[in-house]
Amino acid sequence: MPDKPTLNIGLIGYGFMGRAHSNAYVQAGNFFDLPRKPVLKAICARNKDRAQAFADQWGYESVETDWRELLKRDDIDAVDIAVPNNLHHEIAIAAAEAGKAILCEKPLALNAAQGQEMVAAVEKAGVPNTVWYNYRRIPAVSLAKQLIDAGKLGRIFHYRANFLQDWTINEELPQGGEALWRLDAAAAGSGVTGDLLAHCIDTALWLNGGVSDVSAMTETFIKERTHQETGEKQKVTIDDACAFLCHFENGSLGLFESTRYARGHKALYTLEINGENMSLRWDLHDLHRLEVFDYRDEGVTRGWKSVHVTDNGGEHPYMDHWWVPGLSVGYETSFVHQFVDFAKSLDGGEFSGPTFRDALDTQKVCDAVLKSAADRSWEKV
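Residues numbered from 1 in each chain as written. Predicted model: local features only at pLDDT ≥ 70, side-chain atom pairs only at ≥ 80, totals over all residues. Heavy atoms only, no water.

A. Quick peek at the pairing of strand E15 (residues 289-294). Burial along E15 is one-sided: the face carrying Leu 290, Val 292 and Asp 294 is buried and the face carrying Arg 289, Glu 291 and Phe 293 is not. Connecting strand E14 (residues 278-283) to the next strand, E15, in antiparallel fashion are five residues. (Buried < 20%, exposed > 50% of the residue type's maximum accessible area, 1.4 Å probe, protein only. Helix = DSSP H or I, 4+ residues; strand = E, 2+ residues; numbered from the N terminus. Pairing = 2+ DSSP bridges.)

Encoded structure:
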C-alpha cells in the first residue's frame, strides 16, 4: 500500500501542554485511522539545549529557537502554539499569513479584541484552526452532548460548573517567570477566569448554547508577590478566585465558580445540567462516568445512575478505538481525540471545533465576567 500523506507539525513551546500535545500526536495514529500521518518535524523554544532534550525525548526531527524561522519553513504544515497567552496573538496571525494550519492553546488570546483579529486572520487565509479546549473530547462529556442534542433533557433550566485548585495558597510563592507565568497578568491576561473558568465556559457553550449576560465577583487574596525575574515585590493583578451568575440564551440559569484557594482540591472540575426530563453531571476525578437521572424511569428504583462510558461497540464516543468494555481511558486521551477530529477535518468539510471563532465566544464571556466584577454590575456578552 502507498504511504499516507503526512502532516508535518511544528510545536512552539515545551511545557506541560507541549507534552500533552506531543503525546497526542504520537498516540493518535496508533489507535485511530488518520487520513494523514502526523510527523513531529520541529520543536521551537528559546532555550536550545532544553528544546533539543525535548526533541530527543519525543522524537522531533529538528529544533528552532525563533518561531519566525519555523514559520518560514516549507516542510511545516501545522503550527501548534503552546506558549504563554500573551504570545498567541502575534504567532497565530503570522502563522495564518504563512498558510499554516494552527492548533492554539487556550484561552485564544489576552482579550476579545485580540481574539477578533486572530479570527479575522485565519478566516481571511482560510487555514484550518482549532483551540485546545480538550474537555469536549472526554468520552463521557461527548456522550452528554449527544443526549442533549437528541432532546433527552427537554427544556434546560440550570447549568452549573466549578473548577477548584489549591496550588497558590502559599503567600511565599513567587509570580512570573517560566513556570509561574500564569500568576502574571502581563503573560496570562487574567487568573482563574482565563485559565480554569475558560474551560468551564467553553464546555457550557458547547452543551447549552450562548450566554447573554453575566454578574461576577473576583478576589485576589494575596495582594503582593515577589516577581521571579526581578526579585522585587509587585502587585498581584490576576484573579485568584471568580464566581459568576449568568443567563443563557435558551432561558436557563448558570452558576460558575473557580479558585486556586480550595484546600484539598488539585483539579476538581465538575458540571451539572438540569432539564425537565433528565439531569446530567460529570466529575473530572471520575472522568469515565456520566451520572444520569431520568425522570421518565418508572418504579421505586428511579434515581441517579452511573453510566460507565467504556462500551466499544459504537455506543460511547471514541471508545471503540481503545480497549475492551470496562477499561477506562484518561485525561491525555482528550487531546488525542481532539487531534484526530482536527486531522479528519483537514481534507474537506467544516473545520473541527472549537475553531478560533468558537473560542472567541468563550473569550467574550471571560471579558464580560472580568468587567462585571470590576464594575460590580450585570454585563452583557
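Past the structure itself, the notes keep going.
B. Region of interest: the pairing of strand E13 (residues 268-275). Among the eight residues in E13, seven count as buried, and that is most of the element. Pairing between strand E7 (residues 156-164) and E13: eight bridges, direction antiparallel. Across the sheet, the residue bridging to Tyr 159 is Ile 273, located in E13. Alignment of E13 against E14, held across five bridges, turns out to be antiparallel. Across the sheet, the residue bridging to Leu 271 is Trp 282, located in E14.

C. Spatial organisation of unusual backbone geometry. Here the residue pair Lys 106 and Pro 107 is connected by a cis peptide bond, since its omega of -10 degrees sits within 30 degrees of zero. Of note, Pro 107 is situated in the loop between strand E5 (101-104) and helix H5 (112-125). Cis rather than trans, the peptide bond between Gly 353 and Pro 354 has omega equal to 0 degrees. Within the secondary structure, Pro 354 is located in the loop between helix H9 (333-344) and helix H10 (356-375).

D. Summary view of the side chain of Glu 272. Tracing the backbone shows Glu 272 in strand E13. Using a relative accessible area of 18% as the deciding quantity, one classes Glu 272 as buried. Side-chain polar atoms of Glu 272 contact the side chain of Asn 274, separated by 3.0 Å. Excluding residues that lie within four positions of it along the chain, Glu 272 makes contacts with His 158, Tyr 159, Arg 160, Leu 280, Arg 281 and Trp 304. (Polar contact = N/O pair within 3.5 Å; in protein donor to acceptor, adjacent residues only side chain to side chain. Contact = heavy atoms within 4.5 Å.)

E. H5, seen in detail. With 14 residues, H5 ought to run about 20 Å at 1.5 Å a step, and its terminal C-alpha atoms sit 20 Å apart, in line with that. Turning to H5, its buried residues number three or more, namely Ala 112, Gln 114, Gly 115, Met 118, Val 119, Ala 121 and Val 122. Looking at the packing, one finds that the buried side of H5 touches helix H4 (88-97), E5, strand E6 (129-131) and H10. Of the residues that open H5, the one with a side-chain oxygen 3.2 Å from the backbone nitrogen of Ala 113 is Asn 111. Following H5 by one or two positions, Gly 126 has its phi on the positive side, about 70 degrees. (Expected span 1.5 Å × (residues − 1).)

F. Local environment of the sheet that holds strand E4 (residues 78-81). What the six strands build is an open sheet, ordered E3-E2-E1-E4-E5-E6; its pairing is parallel. Both edges of this open sheet fall to strand E3 (62-64) and E6, since each of them pairs with a single strand only. Shown here is a sheet whose adjacent strand axes are inclined to one another by a mean of 25 degrees, direction ignored. Direction of pairing for strand E1 (residues 6-12) relative to strand E2 (residues 37-44): parallel, over a ladder of seven bridges. By the bridge assignment for E2, Leu 11 is matched with Ile 43. (Axes fitted to C-alpha atoms, helices over the stretch in contact; angles between N-to-C directions.)

G. How the structure looks around the environment of Leu 284. The residue Leu 284 is located in the loop between E14 and E15 in this model. The class for Leu 284 is buried, based on a relative accessible area of 11%. When the C-alpha positions of Leu 284 and Ala 140 are compared, they lie 9.8 Å apart, and in sequence the two are 144 residues distant. Those residues in contact with Leu 284 that lie beyond four places of it in its chain are Tyr 135, Ala 267 and Tyr 269.

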